[in-house]
Amino acid sequence: MNVENHPVVSREEWLAARKQHLLEEKAFTQERDRLSARRRALPWVKVDKDYRFHGPNGELKLADLFGKHSQLIVYHFMFAKDWEEGCQGCSFLSDHIDGANQHLAHHDIAVVAVSHAPFEQFQAFKRRMGWKFDWVSSDGSDFNYDFGVCARAEDAEAGKATYNYEKTDSAEEEMPGLSVFYRNPAGEIFHTYSTYARGLDMLVGAYNYLDLTPKGRNEDEIMEWVRHHDRYEGATRSSCCHGGE
């Protein structure tokens with residue numbers, strides 16, 4: 001919509017239109033609550049595979065990523081072998097993790113980013129971004145493939161590659177996603193949910209702000225305007241975060 005030629009009405013007309021829209025917002029909120037309840041009611045799959053990860057203190061199992069919590073959210077961060085920077089869109093989303101994590105950690109949830117690149121490869125980038133959340137490597141593991149964010153070359157060539165639960169001809173080396181796991185008191189781990197593509201929108205708080213404004217997201221392609229937060233005009237980098245670059 002062209003904001004320069006937007007309808008302008010009296011306060012009374014505005015209030016009537018706003019109240020009508022409020023009814024739609026309430027209906028959407030109620031439907032979202034129902035959808036969330038149906039998500040929680042989805043069946044689970046037991047995870048029996050011995051996935052291994054690499055963190056700051058060496059090798060980790062999937063169970064280790066939970067810490068003391070029973071619930072684990074894994075953000076599949078796009079950072080492939082030989083990349084020097086993480087995906088801009090994944091970085092945009094990840095800028096929201098630390099603030100939420102202060103609360104989630106006290107509500108029985110661990111949040112961990114997982115990338116395909118070797119652990120040491122993304123440490124300088126993490127310092128540059130100033131992030132504190134846990135971020136580990138799945139290098140050498142099937143984890144990224146099994147949870148739908150990497151495609152094997154042979155699958156892509158054979159037309160068997162999938163993303164977001166559909167076959168795709170545009171499978172790439174790395175794709176974004178999120179997976180959720182639950183660990184019961186007996187130590188058994190279950191995969192409860194995964195989402196990809198626009199399903200990740202809910203994690204990007206900045207989009208919720210943009211959606212409230214007259215210009216909205218103001219983008220022709222998703223995240224086309226997004227940069228690493230230290231790449232915007234006028235942004236400065238802290239020397240304490242870049243000493244190793």
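Residues numbered from 1 in each chain as written. Predicted model: local features only at pLDDT ≥ 70, side-chain atom pairs only at ≥ 80, totals over all residues. Heavy atoms only, no water.

**Concerning the overall build of the chain**
- Looking only at helices and strands, one finds eight helices and ten strands in the chain.
- Its C-alpha atoms put the chain at 65 × 45 × 45 Å along the principal axes.
- With 245 residues in all, the chain has 36% of them scored as buried.
- When the accessible surface of the chain is totalled, it reaches about 15,400 Å², and 51% of it is carbon and sulfur. (Helix = DSSP H or I, 4+ residues; strand = E, 2+ residues; numbered from the N terminus. Buried < 20%, exposed > 50% of the residue type's maximum accessible area, 1.4 Å probe, protein only. Areas by Shrake-Rupley, 256 points an atom, 1.4 Å probe, with all protein chains shown as cover.)

**A few points about a nonpolar patch on the surface**
- The grouping of Val9, Trp14 and Leu15 at the surface amounts to a nonpolar patch, some 280 Å² of accessible area in total.
- Mapped onto the elements, Trp14 comes out in helix H1 (residues 11-40).
- A residue is classified by how much of its surface remains accessible, and Trp14, at 42% relative accessible area, is partly exposed. (Patch = residues over 30% accessible without salt bridge, like charges linked within 9 Å, V, L, I, M, F, W, Y side chains within 5 Å. Salt bridge = Lys/Arg side-chain N within 4 Å of Asp/Glu carboxyl O.)

**Observations regarding the side chain of Ser179**
- Relative to the assigned elements, Ser179 resides in strand S9 (residues 177-183).
- In this structure Ser179 comes out as buried when scored by relative accessible area, which is 0%.
- Within the structure, Ser179 has its side chain in polar contact with the side chain of His76 (distance 2.8 Å). (Polar contact = N/O pair within 3.5 Å; in protein donor to acceptor, adjacent residues only side chain to side chain.)

**Quick look at the confidence of the model for the chain**
- Summary statistics for the chain give a mean pLDDT of 92 and a share of 94% for residues scoring 70 or more.
- In the predicted structure, residues 238-245 sits below a pLDDT of 50 and forms ten contacts with residues beyond four places in sequence or in another chain. (pLDDT = per-residue confidence, 0-100. Contact = heavy atoms within 4.5 Å.)

**Digging into the pattern of salt bridges**
- In total, this model carries 16 salt bridges according to the counting rule given.
- A salt bridge links Arg231 to Glu85; the shortest N-O distance between them is 2.3 Å. Linking Arg231 in the segment after helix H8 (205-210) with Glu85 in the loop between strand S4 (71-76) and helix H3 (88-94), this pair joins segments that are 146 residues apart in sequence.
- By relative accessible area, Glu85 is classed as partly exposed at 28%.
- Counted as one network, the salt bridges with shared partners bring together Lys49, Asp142, Asp146 and Arg152.

**A short note on the pairing of strand S5 (residues 109-115)**
- Taking burial as the measure, the seven residues of S5 include seven buried ones, the bulk of the element.
- By the alternation rule, side chains of S5 split into Ile109, Val111, Ala113 and Ser115 and Ala110, Val112 and Val114, which are all buried.
- Both S4 and S5 contribute to a ladder of six bridges, which runs parallel. Bridge assignment links Leu72 to a residue of S5, and that residue is Ala110.
- Two strands pair when backbone bridges link them, and S5 and strand S6 (residues 134-137) are joined in this way by four bridges, in the parallel orientation. Bridge pairing links Ser115 to Ser137 in S6.
- Between S5 and its parallel partner S6, the chain crosses via helix H5 (residues 123-129), and the hand of that crossover is right-handed. (Pairing = 2+ DSSP bridges. Right-handed = clockwise from strand over helix to strand, strands pointing away.)

**Topic: the packing of aromatic side chains**
- Enumeration according to the criterion identifies 26 aromatic pairs in this entry.
- Considering the side-chain rings of Phe77 and Trp131, the 5.8 Å spacing of their centres and the 65° angle between planes classify their relative orientation as edge-to-face. Taken together, the residues span a long stretch of sequence, with Phe77 in the loop between S4 and H3 and Trp131 in the loop between H5 and S6 at a distance of 54 residues. By the burial criterion, Phe77 is buried, and Trp131 matches it.
- Ring geometry for Phe125 and Trp131: centres 5.7 Å apart, planes at 80°, overall edge-to-face.
- Phe125 sits in the buried class, given a relative accessible area of 2%. (Phe/Tyr/Trp six-rings, centres within 6.5 Å; stacked < 30°, edge-to-face > 60°.)

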